[in-house]
Structures are given as structure tokens and as C-alpha cells.
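Chains, contacts and geometry: an overview
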There are 2 protein chains.
Amino acid sequence: MKKFLNTTESLLDESLLGFAKAHADIICLNTHPNYIKRLAPTKPGKVALISGGGAGHEPLHSGFVGFGMLDAACPGQIFTSPTPDQMMAATDAVESGGGVLFIVKNYAGDVMNFEMASEFLSCPNASILVCDDVALPKNHSTGRRGVSGTLIVEKIVGAAAEAGADLATCKALGERVINQTASMGVALNSCTVPTLGKPTFELKETEMEMGVGIHGERGHQTLPLSTATEIVAQIAQFIDDDIKPQKDQSILLHVNGLGATPLMELYLIYDLAAQYWESRGVKIVRSLVGNFTTSLDMAGCSITVTLMDDELIKLWDAPVHTAALRWGC
Amino acid sequence: MKKFLNTTESLLDESLLGFAKAHADIICLNTHPNYIKRLAPTKPGKVALISGGGAGHEPLHSGFVGFGMLDAACPGQIFTSPTPDQMMAATDAVESGGGVLFIVKNYAGDVMNFEMASEFLSCPNASILVCDDVALPKNHSTGRRGVSGTLIVEKIVGAAAEAGADLATCKALGERVINQTASMGVALNSCTVPTLGKPTFELKETEMEMGVGIHGERGHQTLPLSTATEIVAQIAQFIDDDIKPQKDQSILLHVNGLGATPLMELYLIYDLAAQYWESRGVKIVRSLVGNFTTSLDMAGCSITVTLMDDELIKLWDAPVHTAALRWGC
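Definitions and cut-offs
Residues numbered from 1 in each chain as written. Chains lettered and ligands numbered in written order. Predicted model: local features only at pLDDT ≥ 70, side-chain atom pairs only at ≥ 80, totals over all residues. Heavy atoms only, no water. Domains from an automatic or database assignment. Contact = heavy atoms within 4.5 Å. Buried area = accessible area lost by both parts, 1.4 Å probe. Salt bridge = Lys/Arg side-chain N within 4 Å of Asp/Glu carboxyl O. Helix = DSSP H or I, 4+ residues; strand = E, 2+ residues; numbered from the N terminus. Nonpolar A, V, L, I, M, F, W, Y, C, P; charged D, E, K, R; others polar. Least-squares fit on C-alpha atoms with pLDDT ≥ 70 in both. Polar contact = N/O pair within 3.5 Å; in protein donor to acceptor, adjacent residues only side chain to side chain. Core = buried A, V, L, I, M, F, W, Y, C linked by side-chain atoms within 4.5 Å. Buried < 20%, exposed > 50% of the residue type's maximum accessible area, 1.4 Å probe, protein only. Pairing = 2+ DSSP bridges. Axes fitted to C-alpha atoms, helices over the stretch in contact; angles between N-to-C directions. Expected span 1.5 Å × (residues − 1). Phe/Tyr/Trp six-rings, centres within 6.5 Å; stacked < 30°, edge-to-face > 60°. Lys NZ or Arg CZ within 6 Å of the ring centre and 35° of its normal.

Right, let's talk about the domain arrangement of chain A for a bit. All names here are of chain A. Here chain A is partitioned into domain 1 (11-179) and domain 2 (181-316). Domain 1 puts 33 residues into the contact, and the matching count from domain 2 is 38 residues. Between domain 1 and domain 2 lies a buried interface of about 2,800 Å² when both sides are counted; carbon and sulfur atoms form 62% of it. The three residues of domain 1 that bury the most area against domain 2 are Phe79, Val134 and Ser148, which together make up 21% of that side's buried surface. Note that Glu311 is salt-bridged to Arg176, the shortest N-O span being 2.6 Å. Only helix H4 (150-162) and helix H5 (167-179) provide two or more residues apiece to the side of domain 1 that touches domain 2. Sort the elements by how many residues they give to the side of domain 1 that touches domain 2 and H4 lands first, with 6 residues. Each residue belonging to the side of domain 1 that touches domain 2 can be placed in one class, and the counts come to 18 nonpolar, 6 polar and 9 charged.

Right, dumping it as C-alpha cells:
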């Protein structure tokens, strides 16, 4: 295993220190327990948005803390849920009378620990479960996983909270965005978890893994590596089957790198995905291309589509000032 | 070789189409010959800044075209210089009476082709050569290579040009920044050039390459893979020997990913680099961490330091609106 680190045990803490130093104008880091909170002043009564999950997906979630998006993020160890004390301490630090909304990716550990934290909270609180990964069937036993659509939920609900939406409104909006968002990923190789020291799965030089998760979970099919056009068509078919964008429907198209894929290839994938939907009369009104929800050093990408309307476009466009997304500020 | 593409021949053009679609609010793409130009209106008489170089380093340079930075970028094929007709067409498209400054990374092909273009231009023009790679000695036969310090030059001179500085002032400012900037990179593996189809060099599982270039050039030493702290100390020593930041000197500290290194590791490197200079009384006044000057799918990173003063800080902080750097707009 080749990584830049001192010890696998200290990797997360050292990385968080660096993140906090590099973005000391936007966020601050609390340790024992670990959470990142925004520095931008909050209007009293604003709904506090808190997310979190295992580390290894950077910039998700810490990179999305700041004005117009998250109030706090709780990083667990790599691919490991954060603990309830992190969510409780983060809530104490950022709740300002409007209650707290937990934005949780649908994984058993995350769900359990955010639920446990919410049981201990005395302030009004609610949770939304992101489950945008259409590689799994809708009736999967534990539900679909939350993947690269999460940041879209965080951005849109973040803008609404900043504009003064109350807790019930933020929760309903988040659930609407989740229902209108579908993602699927493909990998050319596995990631290597530092404590494991070797790739989580093996692929031949001629193979790709379709429908991967973001923690080294295998996909639903190991296939011969095909052209980018064929890969995009396969992913797009799954997305179409789920959220069914019709002719003249406005969409946000997000191509996300899983960590080790050059931007050049991500833009090529974006072009092909744009062609796919444009040729069906779908209108791509907003886009985002880059490494936002990663899986350590996995070579791969995912495509996410959110069905948009004027309200969602306005919230997407609203000012945001975080380490990883910044506009209008 | 595993990459997302249709054919190696069409990779660049398809990628540029995706880039242009994803950022149609900031730039537009010209084909035959290829160049990217900014959409933001230009004040008549503003010095036009044009850079370019081989593709494969994205977001450099196309991702830095826009308000407050470059007026145009000319992408060559992967790791191959753009041709003089690209620079000439780009100049025709963006020059508005203030002349043109070419920002050129110091590679023989780039230098020759930008020179050739400048010979054909009828407008006032000048060039600056970025040569920040301290892995090579100062008296190296072809000079030092231009690497991840290039974007710092482009940002600072871009702000000056936007504020109305004339051609001679922009050139002098760029040369000052270049003299005050030092970078060095380290790789854990080689990149794979698509037309070659295999890694440019091989490293054992226990080795790293210190002082690599951004085109798969080997470094000055193949070393046993050491801890991140030791790696940072080795790179920092080369930087210190060159630009010699003294106690109380203000610096910009940039940790750049070479393409396949997780952000988590880059922030860890940033923390260690910050500790290194802070412990020597050097003041880190600005920072930048992420994948900005990449080398396709190389796992590795580089550290860049620029000596800063109030003038340079103000120019660094000035509004910028490009695909890859955006603040204040």
C-alpha cells in the first residue's frame, strides 16, 4: 500500500488538522469529539444542518460546511460511522433555536448513530435519509445507499435554511430532492483502505465494476471494460428507469470523480452524459463536474441527475461559501 | 491501461467539449484551432493573458480562464505543446489594445511555439517563463521546469491585468512572482499516457520518486517510501535552499495533488508543511490545497511556496471567476 501518511491510526486526525488550518477563514475543528463547524454567523432561529459519515469521501462532508450549506459535519474514521457523541456535541455547538436537521446517508451504522444522537437531544430535530444509489433495487432489504447525490441535497436544503425555512420545510424539501435524485457509479479499480493495506476487490486489466458503492462495495456487475459512450449509456439507463426525466424536464447533471480519475476523463464523461439526455429533449440547466464524493483512491466516477424546477434552481444558485463549493460570496 | 475514453485520438477533443458545456457561463471553446477564451467582458486596453501547454494537467490551464485570471488558454495534445496557430488565433480573439502576455511553462516545445507565435503577432506582446521546479538545479542546461507554481503566477498577474496594469508592469510582476516561487513534487507511481498505454516508469511497492516532473519525468532520486513527515521535510529543504523564507516572512503555501491522491492525504501533507514552516517562524498567510496541476493519473503531490507581501496578497485575494478557482464573484 502506498499512501502519504505517518501511521494509519493518525491519518484522519492529521488530515483534519490540515483541513482546519487551510480553511481557518471558513470553519473550525473541534477535537474530542471530532466535528467541523462553520464560522459564518448564524441568524438566531436558523435550522442547523448537520451531516457526517465515515472519512475517505473528502471533500464530503467537511468541505461543505459553511455559509449556505452545512452548519457542522461529523467525520468518523475511514468508512466508519461517526459516533452519537459527535452529533450531540456538534448540535450543542451550532443549534440556535431553530432545531437541527440531520442529513444522513443510508448506511446501517450512520442511521443507527444519528438516531441514537437524536434520542438524546432536547432541541427539535429531524433526519432525512439520502438513498440515491440506483445500482440497488428500490426494495433492497436495507434500502438504497446514499452516494454522490448527497451534496445536492446539502446545497439545496442549506440555501433554504439560510433563507429562513423552518425545520419541517427543510425536511420536506430534502425529501423531495432525494426523491428526484438518482446516481450510479462505475469503477476501474478498487480503493485501498489504509488499515486493510490492499485493494478491497480485484479487477482484471480488461474489467470494470458497474454499480459500485463508495466504500469499496462491489457493484452489481463485473463487465468487460467498454467505451465511455457505452458506460454512460448503461448508467443513464438505470437513472432514467428510476427518476424518468421527460422531454423538456430541467435537470442538474453531476459527474463525480471517485478519487483517482483525471478531470480530463470526467469532462469527457460529462460531454457524453449531456449528449445522452440532450438527445432525449431533457434540459441540462445546471452542472457540476469534479471530485466531490470520493472513495479514497478509487479510479472511477458516478453520474447523478436531479430533476430541477425554478425553486430548486434558485436554491442551487444561492450563495455558498465552503471549502469545496463556493459561489456568489 | 484503464481509462474512461472512446479512442485515445478523440480523448482531448471530447473532453474539451465537456469542459465547454459544463462551464458555458464562464468560457467558450474554439475548435480548429483549439483554444478556450473567457466570456466575461474585457475593458478595452486590458493586457490579455494567454497561457497553454500540453493537456493532461487539468484544471491547468483551461480551468483558470475567466475574470481575474487568464483571457485564453491553448491546450495541446496530452503532454504535447500547443502549436503557434493556436496562440495566434487566441490572441486575435482576446487582444483588446493592451497587448498580450504569454505565460509559458519552461519546456522546449512550449517555449519554441510561443516564441514562434509572438514573431507573427502585430500587437505588442511579451512572454514570461515559469520555472519553479527546484528539483532541478538552477543552472540546469534547459533551465528549471514550470510546474504547480504556474497557477499562482496566473492568478496574481491576472488580478493586476484586470486592475489595469500595463504590459511591462504585468511582465515585471510575473517575473517577480516566478523568482519568489519554488515547487517540488514526489510520486508514488507513474502516470499512464493514453497513447503509450503503460506507466512511463515503474516503482516498486516500497519506493517513491522524489522530484518528479508533471509529464512522467523521473525525479532526481528513487527512495524508499518514508513517512509523510520525512517526505515533507525533504521537499521543504529544497524549497528553503532556493527561496530562503526567513523568520516573519509571509508565504502562500500550496499543496497540489498530481491526480490520483486523495484529498485526505493532501490535507495531511498540508498540515505537516504548515508545521515545518511555522516552527521556523514563517507566516503562512494564504493557502491552497487540491488537484490543480495534475499529471493524468499520477499518485503524488507537490508543495509550492511563494514569498508574499501586501501587494501580492491583495492581488491573490482579488475576485476571480474561473472553472477551477472562484472567489469574490
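Right, let's talk about the relation of the copies chain A and chain B for a bit. Its rotation angle being 180°, the transformation that places chain A on chain B also includes 0.0 Å of axial translation and leaves an RMSD of 0.0 Å. The transformation relating the two chain copies, once decomposed into turn and shift, fits a two-fold axis. Every residue of chain A has its C-alpha some distance from the rotation axis, and the shortest such distance is that of Ala260(A), at 1.9 Å. Most of the interface of chain A is mirrored in chain B: 100% of its interface residues are interface residues there too.

With that settled, consider the interface of chain A and chain B. Across the boundary between the two partners, chain A contributes 59 residues, which contact 59 residues of chain B. Carbon and sulfur atoms make up 62% of the area that chain A and chain B hide from each other, which totals about 4,800 Å². When residues of chain A are sorted by the area they lose upon contact with chain B, Lys2(A), Phe4(A) and Met264(A) head the list and together hold 21% of the total. At the junction of chain A and chain B, the tally comes to 4 salt bridges. A salt bridge links Glu278(A) to Lys21(B); the shortest N-O distance between them is 3.9 Å. If you look at where chain A meets chain B, you find 26 residue pairs in polar contact (both at pLDDT 80 or more). Secondary-structure elements contributing two or more residues to the side of chain A that touches chain B are helix H1 (11-22), helix H6 (228-243), helix H7 (263-278), strand S11 (283-290), strand S12 (300-308) and strand S14 (326-327) of chain A.

What follows concerns the nonpolar core. Note on soluble globular proteins: their nonpolar side chains tend to be buried together. Counting 208 residues, the largest nonpolar core has Trp277(A), Trp277(B) and Ile303(B) as its most contacted members. Setting aside chain neighbours within four positions, we find Trp277(A) in contact with Ala236(A), Ile239(A), Asp240(A), Pro245(A), Ile251(A), Leu253(A), Val282(A), Ile303(A) and Val305(A). Val100(A), Val104(A), Leu121(A) and Cys123(A) belong to the second-largest nonpolar core, a separate cluster that totals 17 residues.

We now examine the pairing of S12(A). Residues and elements named next belong to chain A. In terms of residue burial, S12 counts as a mostly covered element, since 9 of its 9 residues are buried. Neither face of S12 is open: one carries Gly300, Ser302, Thr304, Thr306 and Met308, the other Cys301, Ile303, Val305 and Leu307, and all of them are buried. The sheet contact formed by strand S7 (residues 181-187) and S12 spans 7 bridges and is antiparallel. Bridge pairing in S12 places Thr181 opposite Thr306.

Moving on, we get to the sheet that holds strand S4 (residues 72-78) of chain A. Residues and elements named next belong to chain A. Taken together, the 6 strands give an open sheet; going across it, the order is S1-S2-S4-S3-S5-S6, and neighbouring strands pair in mixed fashion. Whereas interior strands pair on both sides, the edge strands pair on one side only; in this sheet they are strand S1 (27-30) and strand S6 (125-130). Taking the axes of each pair of neighbouring strands and ignoring which way they run, one obtains an average angle of 20° across the sheet. Where S1 lies against strand S2 (residues 35-38), 4 bridges are found, and the strand directions are antiparallel. Within S2, the position partnered with Cys28 by the bridge is Lys37.

Residues and elements named next belong to chain A. Over its 13 residues, H4 runs 18 Å from end to end, which matches the ideal 18 Å to within 8%, given 1.5 Å per residue. Among the 13 residues that make up H4, 13 are buried, leaving the element largely enclosed by the rest of the structure. The first or second residue beyond H4 is Gly164, which carries a positive phi of 105°.

A few words on unusual backbone geometry. Of note, the bond from Glu58(A) into Pro59(A) is cis; its omega dihedral lies within 30 degrees of zero at 10°. Counting through the fold element by element, Pro59(A) comes out in the loop between strand S3 (48-55) and S4. Each neighbour pair has its own omega, and for Leu60(B) with His61(B) the value is -10°, a cis peptide bond. Position of His61(B) among the secondary structure elements: in the loop between strand S3 (48-55) and strand S4 (72-78). Despite not being glycine, Phe79(B) shows a phi value in the positive range, around 55°. In this structure, Phe79(B) sits in the loop between S4 and helix H2 (84-94). The backbone of Lys244(B) sits at a positive phi, close to 45°, despite the residue not being glycine. Here Lys244(B) shows up in the loop between helix H6 (228-243) and strand S10 (250-257). A relative accessible area of 49% places Lys244(B) in the partly exposed class.

Quick look at the sheet that holds S4(B) now. Residue and element names in this part refer to chain B. Pairing in this open sheet of 6 strands is mixed, and the strands run S1-S2-S4-S3-S5-S6 from one edge to the other. The open sheet terminates on both sides in strands that have one partner only, identified here as strand S1 (27-30) and strand S6 (125-130). Strand-to-strand twist in this sheet, taken as the mean axis angle between neighbours without regard to direction, amounts to 20°. Across 6 bridges, the pairing between S3 and S4 is parallel. The residue of S4 that forms the bridge with Ser51 is Ala73. Contacts from helix H3 (residues 108-120) reach S3, strand S5 (100-105) and S6 within the one sheet, and its direction differs from that of S5 by about 165°.

With that settled, the discussion passes to the packing of aromatic side chains. In this structure the tally under the stated criterion is 8 aromatic pairs over all chains. Ring plane angle 80° and centroid distance 5.1 Å describe the contact between Phe19(A) and Tyr267(B), whose orientation is recorded as edge-to-face. One end of the pair, Phe19(A), is in helix H1; the other, Tyr267(B), is in helix H7 (residues 263-278), on a second chain. Here Phe19(A) and Tyr267(B) have matching classes, each one buried. Here the guanidinium or amino end of Arg280(A) rests over the ring plane of Tyr276(A), the centre of that ring lying 3.6 Å away.

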